Amino acid sequence: MPTSVDAAGATSRAGKYLTFYLGSEEYGLAILTVSEIIGMQPVTRVPRLPPFVRGVINLRGKVLPVTDLRRKLGMTHEAEHDGCIVVVHAHGLLMGLVVDRVSEVVTLADADITDAPAFGSGIRTELLCGIATGGGHVRLLLDIDAVLAATDVSVATSACSGGNCL
Amino acid sequence: MPPLTRDTLPDDRELLPDFLAEGSEYLCAAEVALLRLEEDPTDEEALNTVFRAFHTVKGTAAFLGLTHIVTFAHAAESLLSRVREHQHPYTRDCATLSLRAVDMLTALLVSVSDALDGDGTWLLPAGYHDALRALTECNPDAIALAPLDVSTNDVVTDNGVTDAARAELTVESTIRIRTDRLDRLIEMVGELVIAQSMIAGDATLQHGDTSALAQKVTHTAKIVRELQDLSMSMRMVPLRTTFQKLARVVRDTAMKTGKNVQLITQGDEVEIDRALADMLTDPLIHMVRNAVDHGIERPSERDATRKARIGTVRLSACSASGQVVVQLTDDGRGLNREQLITKATQRGLIAPNHMMTDSDVYGLIFAPGFSTTESITDISGRGVGMDIVRRNLETMRGSIEITTTPGASTTFTMRLPLTLAVTDGMLVRVGGERFIVPLTHIHMSVRPDAEMLSTVIGQGEAVLLRGELLPIIRLHRVFDVPDAEQNPTHGLLMIVGDGDRRSALLVDELLGQQQVVAKPLSPALGNVPGVSGGAILGDGRVGLILDVNETVNLSHLHQRRLHHAYLG
């Protein structure tokens, strides 16, 4: 999440965001973290990984891991058909996120953004860095660092190895 | 005034990296020549090679203002010129002194190289002044130099690609290039191969009147294939460089243990990827030391058993179907099965009276903490070596096997891929998924008859093949693949692994051999057990490369847990 510090010293969340849909909900990702958007392609499953990791695909000769954002956010319903893949990067890591459909690039001001309350609807609100309201849209802004950290599979797999995960 | 122990680098450092790389090449050649000179003190050419090395290093060092190197090289040169003028006989002590001089000069170069990365102060290696005095007085006992690790002889900085260290340096036919550029070139050629095969496989070419287009595509394919062969060959170096380092190890170890040993090499023109050659050096050094220290008997013992007085360590390499096979044989006392079992039982590595085949027993050598010597010599008795050797070989995607004739010989056979950049694998299908199994690990594949299958109580399924009972590993279970073939008689059993870890992997179908460029899986995924990487297949999709050893271990873990689960 690119943060800029304004004159008062507070971190600003204003900037350009790529918005996309998961089901009927609209989300946003800071545009600077988005590398590219590619169409859906057959994903090679990688065994023994948490279910939110779909697998890997070939991105111009590089092996790119692909995460299912719906599962990552704890959504219970699967998408009816796959949409596309948003390739993001942070901390030198490249990752693909499966989303239903991409919407547009919008510029959001600090005034439009408020903190995310604890919904209790099953969505993992710690992955959000704010909620944007404006122009009649409610957009849930994702904190890319939190999303990538939460997809740290080594933590998930070590939690798994003690039990009957074989 | 106490002797100086440090110096400062000159201000102009631009020429230093080249000097270090070139100097190290000359010193490598000098070492080889000195060993030849020891065999034949009349070898004029060897003597001249050594001279050329000391003289060139001295001259360039003087030009660059590295006075301590100049002084030392001059002393070494003077000793040899006394030999050349026949003022001094070339005795064994003289030879040792000269070799130690080469070691010291190499250490000096390493010092300078380290200083380049630091603040410009470079430390004189320990023993410098004693060595210098010994050279001028020609008194080898005065040099109390700890034997240098041979692997530090290579002071070439990461930016240089060296050609083989031959005695005659043919500088005009080589060129230095950066290895990172070379790697990138090879990577791009790999992508070109895939892109080209995707064009060739495109559906449009199968329909209609496309014969003209198909011809052009075939023509391009030929060019791309040749380009790929060429780019692969650029990373290859002959094993000669690696083998040459071992001659010194044999000599030093033999001297230290009071034995007579000669090293014979064969097939040192066989080429292998430069990275693999580097990784092979340390394991080979350890095994050669072992062979001389533990394998070859003392001269008195050899006389008593009517063996040739001079023990032989033979190192051979040959290349066969995409693999390089390196064999290390010594004609020493061989491995003693009983002694190995006793030691392993003592160390708690195996249960007493555990039934073991010969290859299981010999495989004990690779267990961590295993060593059959009573006293731990500073050469090779520590017992940490062979398991690291095996692990290093596995990192190189290779394998190692031992055979022995007690009282007569021990042979280590190592199988290595030609290069890590490209993996020769067998594409297999398990359910709807595809895996690549590296060819170096596959022995054979077979469709079993029902009579060959059996269940071993508490250990799972097994197949009887050529008198050997092998555990069956169901890949579909290890990797959770739905819709896979469950009945081995309708699928295929792929026999993989070495020694006591031979197993049969159950797959649905063999899809054919394929050469792939192995790519690491993203660090974001962490370490995926059983998978060593990914590769782009001909249809553009990613195929997972199987890590055979990990997969076997995973399955044993799983079976052991099931076993405990049943027992409660």
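Residues numbered from 1 in each chain as written. Chains lettered and ligands numbered in written order. Predicted model: local features only at pLDDT ≥ 70, side-chain atom pairs only at ≥ 80, totals over all residues. Heavy atoms only, no water.

Trainee: Talk me through the pairing of strand β8 (residues 84–90) of chain A; I want residue IDs and the actual numbers.
Mentor: Residues and elements named next belong to chain A. For β8, a buried count of six out of seven residues is recorded, marking the element as mostly surrounded by other parts of the structure. Bridge analysis of strand β5 (residues 34–39) against β8 gives five bridges, and the strand direction is antiparallel. The partner of Glu 36 across the bridge, within β8, is Val 87. The turn linking β8 back onto strand β9 (residues 93–99) is made up of two residues, and His 91 within it adopts a positive phi angle of 55°. (Buried < 20%, exposed > 50% of the residue type's maximum accessible area, 1.4 Å probe, protein only. Helix = DSSP H or I, 4+ residues; strand = E, 2+ residues; numbered from the N terminus. Pairing = 2+ DSSP bridges.)

Trainee: Break down the side chain of B:Ser522 for me, with residues and values.
Mentor: As for its position among the elements, B:Ser522 is in the loop between β18 (509–519) and β19 (531–536). Residue B:Ser522 is classed as buried on the basis of its relative accessible area of 8%. Filtering out sequence-adjacent residues up to four positions away, B:Ser522 remains in contact with A:Val63, A:Pro65, A:Leu93 and A:Leu94. (Contact = heavy atoms within 4.5 Å.)

Trainee: Summarise the interface of chain B and chain A; cite the residues concerned and give the values.
Mentor: Each partner contributes to the interface: chain B provides 26 residues, whereas chain A provides 24 residues. Counting the surface chain B buries against chain A, the share from its top three residues, B:Ala524, B:Leu525 and B:Val542, is 26%. For the pair chain B and chain A, the number of links is one salt bridge. Linking A:Arg45 and B:Glu433 is a salt bridge whose minimum nitrogen-to-oxygen distance equals 2.6 Å. Summed over the shared surface of chain B and chain A, the result is six residue pairs in polar contact (both at pLDDT 80 or more). Taken together, the elements giving at least two residues each to the side of chain B that touches chain A come down to β19, β20 (542–546) and α15 (548–567) of chain B. (Buried area = accessible area lost by both parts, 1.4 Å probe. Salt bridge = Lys/Arg side-chain N within 4 Å of Asp/Glu carboxyl O. Polar contact = N/O pair within 3.5 Å; in protein donor to acceptor, adjacent residues only side chain to side chain.)

Trainee: If you had to explain the sheet that holds strand β7 (residues 62–68) of chain A to someone new, which residues and values would you point to?
Mentor: Residue and element names in this part refer to chain A. As summarised here, the arrangement of the five strands in space is β5-β8-β9-β7-β6, forming an open sheet in which the pairing is mixed. In this open sheet, the two edge strands, each paired with only one partner strand, are β5 and β6 (53–59). Going across the sheet, the axis of each strand differs from the next one's by a mean of 30°, ignoring polarity. In the sheet, β8 pairs with β9 via seven bridges, with the strands oriented antiparallel. (Axes fitted to C-alpha atoms, helices over the stretch in contact; angles between N-to-C directions.)

Trainee: Can you explain the sheet that holds strand β7 (residues 323–330) of chain B? Please cite residues and give values.
Mentor: Residue and element names in this part refer to chain B. Spatial ordering of the open sheet is given by β4-β6-β7-β9-β8, a layout of five strands whose pairing is mixed. Looking along the sheet, the strands with just one partner apiece sit at the ends: β4 (261–266) and β8 (399–405). Recorded for the sheet is a direction-independent mean angle of 15° between the axes of neighbouring strands. Judged from the seven bridges that link them, β8 and strand β9 (residues 409–417) form a sheet pairing that is antiparallel. In the strand pairing of β9, Ile 400 is matched with Met 414.

Trainee: Quick rundown of the packing of aromatic side chains? Include the residues and the values.
Mentor: What characterises a pair of aromatic rings is the spacing of the ring centres plus the angle enclosed by the ring planes. Tallied over the entire structure, the rule returns three aromatic pairs over all chains. Judged by centre distance (6.0 Å) and plane angle (15°), the ring pair of A:Phe20 and A:Tyr27 falls under stacked. A:Tyr27 carries the same exposure label as A:Phe20, and that label is buried. Judged by centre distance (5.1 Å) and plane angle (20°), the rings of B:Phe435 and B:Phe479 are stacked. With B:Phe435 in strand β11 (residues 433–438) and B:Phe479 in the loop between α14 (475–478) and β16 (492–496), the pair connects residues that are 44 residues apart, well separated along the chain. Its relative accessible area of 1% is what places B:Phe435 among the buried residues. B:Phe479 gets classed as buried once you look at its relative accessible area, which sits at 0%. Directly above the ring of A:Phe52 sits A:Lys72, whose terminal nitrogen or CZ lies 3.5 Å from the centroid. The lysine or arginine in question, A:Arg101, covers the ring of A:Tyr21, its NZ or CZ lying 4.1 Å from the ring centre. (Phe/Tyr/Trp six-rings, centres within 6.5 Å; stacked < 30°, edge-to-face > 60°. Lys NZ or Arg CZ within 6 Å of the ring centre and 35° of its normal.)

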